[in-house]
Amino acid sequence: MNTTFTLSQVKQKVQMLKGQNIAMQVNKGRNKIVSLTAEIIQVYPSMFIISPTCKVDLDRKSFSYSDVLCGDIKFLNN
């Protein structure tokens, strides 16, 4: 069963995950999906910033909440 979330629910979830190490997948486009462990270090009204805790080809990066809604960012263990 697919569960649909609203933008405010996604914001609340990201706010709850701030400061924790979480497993996630990032779709970088052109069939490039990166799995990594990262920490959400900052949360703003229209975006959030992650910092990878493992060695990957991503550095500190910002994403919008709509990236989570459309599936470009997936939180795996939550």
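For the structure itself, consult the block above.
Since we're looking at a predicted model, the values are computed, not measured.

This paragraph deals with the nonpolar core. Ranked by internal contacts, the top residues of the largest apolar core, which has 19 residues, are Val14, Met24, Leu36, Ile40, Phe48, Ile50 and Phe75. Every element with two or more residues in this core is listed here: helix 1 (7-17), strand 1 (21-27), strand 2 (33-43), strand 3 (47-52), helix 2 (65-70) and strand 5 (73-75). Of the residues forming this core, the biggest block, five residues, is contributed by strand 2.

Next up on the list: the sheet that holds strand 1. With antiparallel pairing, the five strands of this open sheet are ordered in space as 4-3-2-1-5. Here the strands that pair on one side only, and so sit at the sheet edges, are strand 4 (61-64) and strand 5. The mean inter-strand angle of the sheet, taken between neighbouring strand axes irrespective of direction, is 45°. Where strand 1 lies against strand 2, seven bridges are found, and the strand directions are antiparallel. Across the sheet, residue glutamine 25 finds its bridge partner in strand 2, namely serine 35. Across the sheet, helix 1 touches strand 1, strand 2, strand 3 and strand 5, and the angle it forms with strand 2 is around 85°.

Moving on to the packing of aromatic side chains. The tally for this structure, following the rule as stated, stands at three aromatic pairs. Note on phenylalanine 48 and phenylalanine 63: the rings are 6.2 Å apart at their centroids and 40° apart in plane angle, and the pair reads as tilted. Taken together, the positions of phenylalanine 48 in strand 3 and phenylalanine 63 in strand 4 put the pair 15 residues apart, joining distant regions of the chain. Phenylalanine 63 gets classed as buried once you look at its relative accessible area, which sits at 7%. Where phenylalanine 48 meets phenylalanine 75, the ring centres are 6.5 Å apart and the plane angle is 45°; that geometry is what we call tilted. Here the residue phenylalanine 48 occupies a position in strand 3, and phenylalanine 75 occupies one in strand 5, the gap between them amounting to 27 residues.

Calculation rules
- Residues numbered from 1 in each chain as written.
- Predicted model: local features only at pLDDT ≥ 70, side-chain atom pairs only at ≥ 80, totals over all residues.
- Heavy atoms only, no water.
- Core = buried A, V, L, I, M, F, W, Y, C linked by side-chain atoms within 4.5 Å.
- Buried < 20%, exposed > 50% of the residue type's maximum accessible area, 1.4 Å probe, protein only.
- Helix = DSSP H or I, 4+ residues; strand = E, 2+ residues; numbered from the N terminus.
- Pairing = 2+ DSSP bridges.
- Axes fitted to C-alpha atoms, helices over the stretch in contact; angles between N-to-C directions.
- Contact = heavy atoms within 4.5 Å.
- Phe/Tyr/Trp six-rings, centres within 6.5 Å; stacked < 30°, edge-to-face > 60°.

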